[in-house]
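Spelled out, the chains give:
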Amino acid sequence: MSQEPLAATVDAVRRAGARMMTRYSTESRPPGLPELLASLQANDAAVVDTLRPALSEALPSAGWLNDEHGSGPLATGEWWLVDPVGGNVNAVHGMPDWNIGVSLVRDGRPVLAVVHFPVSDEMFTATEDGGAFLNGVRLRVSDKTSLDGALTGTGQAKPDHDPALAKRMGSAFAAMTDSALHVRVSVPVTHQLAQVAAGRMDAHWQFDNVRSHAAGVLLVQEAGGVVTDLGGAPWDLAVESYLAAAPGVHAAALEVLTA
């Protein structure tokens with residue numbers, strides 16, 4: 001892939017992150033749900049207003065989707081998939097774990113990913129067959145070979161889970177707690193996927209995949225990780241659940257999640 005779309009995407013995401021930082025405060029405390037929802041929407045709008053013109057100029061032929069909870073396959077061709085503020089609810093409450101995430105999907109597969117953590121100034125990038133990088137330094141998933149020393153995690157992808165899914169999530173958490181060193185339950189999902197790519201975490205799973213996870217999935221794949229559905233088949237954009245892990249723990253984690 002040409003580096004031109006990557007450079008333009010990094011620039012646009014960095015500018016969107018800078019704009020969000022002018023809105024972000026560690027003292028943020030929305031007093032109620034109406035104020036919370038208004039802040040979420042305003043943050044998303046500020047980021048989209050920055051990203052969409054820049055990305056459309058960088059690749060005019062690509063479609064645009066910023067449905068952060070969207071799922072299922074896409075039509076053929078190129079699509080910008082954007083989660084304007086991953087972990088927006090964290091940002092609104094003054095917590096630092098939020099990001100700006102963009103992926104370019106071509107004929108159903110992610111070919112470019114940029115995930116920026118503005119608070120820590122970490123820029124994660126990946127291109128298909130071009131590797132994954134953090135601030136320009138190549139990434140590699142961890143060398144762990146046993147779950148007993150592994151840091152694992154999962155997170156909520158969409159609100160309003162049905163009771164059956166919530167019960168399944170709880171059972172999986174309990175099972176993984178018995179096998180792994182640590183299980184982290186947090187949002188945004190792309191934060192955890194980036195940590196797996198960086199070797200800071202060893203495995204991440206989701207029972208409710210959404211398309212905006214594509215950026216994090218590409219980071220893990222290009223850093224040498226294994227990403228499959230919970231049947232062990234290769235990940236694709238429309239899978240309902242997945243496991244992204246270092247090669248040395250993927251099989252064991254899959255066994256725990258499907259027992």
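Scroll up a little and you will see the structure.
Residues numbered from 1 in each chain as written. Predicted model: local features only at pLDDT ≥ 70, side-chain atom pairs only at ≥ 80, totals over all residues. Heavy atoms only, no water.

**So, helix H7 (residues 247-258)**
Selection criterion: Elements are defined by DSSP. Helices are runs of H or I of four residues or more, strands are runs of E of two residues or more, and each kind is numbered from the N terminus. Every helix has an expected span of 1.5 Å times one less than the residues it contains. For every residue, the accessible area (1.4 Å probe, protein chains only) is compared with the maximum for its type, and the residue is labelled buried under 20%, exposed over 50%, or partly exposed between those bounds. Throughout, the arc means the angular range of directions from the helix axis out to the C-beta atoms. Should any heavy atoms of two residues lie within 4.5 Å, those residues are counted as being in contact.
For H7, built from 12 residues, the straight-helix expectation of 16 Å at 1.5 Å per residue is met to within 8% by its first-to-last C-alpha distance of 17 Å. Inspection of H7 places Val249, His250, Ala253, Leu254, Val256 and Leu257 among the buried residues, and these make up the whole buried set. The buried side chains of H7 occupy one side of the element, clustering within an arc of 160 degrees when seen end-on. Turned more than 90 degrees off the buried face of H7, the exposed positions are Ala251 and Glu255. Looking at the buried side of H7, the elements it contacts are helix H4 (163-179), strand S10 (203-206), strand S11 (226-228) and strand S12 (242-245).

**Remarks on the pairing of S12**
Note the threshold: Should DSSP find at least two bridges between two strands, the strands are regarded as paired.
Side chains of S12 alternate between two faces, with Tyr242 and Ala244 and Leu243 and Ala245 buried alike. Relative to S12, S10 runs antiparallel, the two being bridged by 4 bridges. For Gln206, the partnering residue across the bridge sits in S12 and is Tyr242. Examined bridge by bridge, S11 and S12 share 3 bridges and lie antiparallel to one another. Bridge pairing in S12 places Val227 opposite Ala244.

**Focus on the packing of aromatic side chains**
Note the threshold: Stacked, tilted and edge-to-face pairs are distinguished by plane angle, under 30 degrees for stacked and over 60 for edge-to-face with tilted covering the rest, among Phe, Tyr and Trp rings (Trp via its six-membered ring) whose centres lie within 6.5 Å. For a lysine, the NZ atom is tested; for an arginine, the CZ atom; a charge sits over a ring if that atom is within 6 Å of the ring centre and within 35 degrees of the ring normal.
One pass over the full model with this rule turns up 2 aromatic pairs. Taking 5.4 Å as the distance between ring centres and 55 degrees as the angle between the ring planes, the aromatic pair formed by Tyr24 and Trp98 counts as tilted. Here the residue Tyr24 occupies a position in the loop between helix H1 (3-23) and helix H2 (33-58), and Trp98 occupies one in the loop between helix H3 (88-92) and strand S3 (99-106), the gap between them amounting to 74 residues. The burial state of Tyr24 is the same as that of Trp98; both residues are buried. Judged by centre distance (5.0 Å) and plane angle (45 degrees), the rings of Phe117 and Phe124 are tilted. For the pair formed by Phe117 and Phe124, the shared burial category is buried. Its guanidinium or amino end placed over the ring of Phe207, Arg168 lies 4.0 Å from that ring's centre, counting from NZ or CZ.

**A look at the sheet that holds strand S7 (residues 137-138)**
Worth spelling out the cut-off: Every angle, taken between N-to-C directions, lies between 0 and 180 degrees, and every axis is a line fitted to C-alpha atoms, over only the stretch in contact when it is a helix.
In spatial order, the strands read S1-S2-S3-S4-S5-S6-S7; together these 7 strands make up an open sheet with mixed pairing. One side of each edge strand has no neighbouring strand; the edge strands of this open sheet are strand S1 (63-65) and S7. Of the strand pairs in this sheet, strand S4 (residues 109-117) and strand S5 (residues 122-127) are connected by 6 bridges, and their pairing is antiparallel. Counted as the bridge partner of His116 is Met123 from S5. The sheet strands contacting helix H5 (residues 189-197) are S3, S4 and S5, and the helix crosses S4 at an angle near 100 degrees. The sheet contacts of helix H6 (residues 214-222) involve strand S2 (78-86), S3, S4, S5 and strand S6 (131-134), and relative to S4 the element is tilted by about 100 degrees.

**Section: empty space enclosed by the protein**
Using a probe with the size of a water molecule, rolled over the atoms, empty space left in the structure can be pinpointed. Defined as follows: Within this scheme a cavity is a closed region of a 1 Å grid, computed over the protein atoms alone, that accommodates a 1.4 Å probe without allowing it to escape, whereas a pocket is open but has protein on both sides within 12 Å along at least five of seven lines; lining residues each have an atom within 4 Å of a point. Grid points are joined across faces, edges and corners, and a volume is the space filled by probe spheres set on the points. In the scheme used here, Gly and all other residues not listed as nonpolar or charged are polar, with Ala, Val, Leu, Ile, Met, Phe, Trp, Tyr, Cys and Pro taken as nonpolar and Asp, Glu, Lys and Arg as charged.
Summed over all chains, the structure comprises 1 cavity of 30 Å³ or more. In terms of lining residues, the largest cavity is bounded by Asp97, Arg184, Ser186, Val187, Pro188, His191, Gln192 and Gln195. At 3 residues, H5 tops the list of elements feeding residues into the lining of the largest cavity. Here the residues of the lining of the largest cavity are counted per class, giving 2 nonpolar, 4 polar and 2 charged.

**Some details on the sheet that holds S11**
Here 5 strands make up an open sheet; going across it, the order is S9-S8-S10-S12-S11 and the pairing mixed. What marks the edges here is a single partner per strand, and that holds for strand S9 (182-185) and S11. Across the sheet, the mean angle from the axis of one strand to that of its neighbour is 15 degrees, orientation sign disregarded. H7 rests against S10, S11 and S12 of the sheet, and its axis sits at about 150 degrees to S12.

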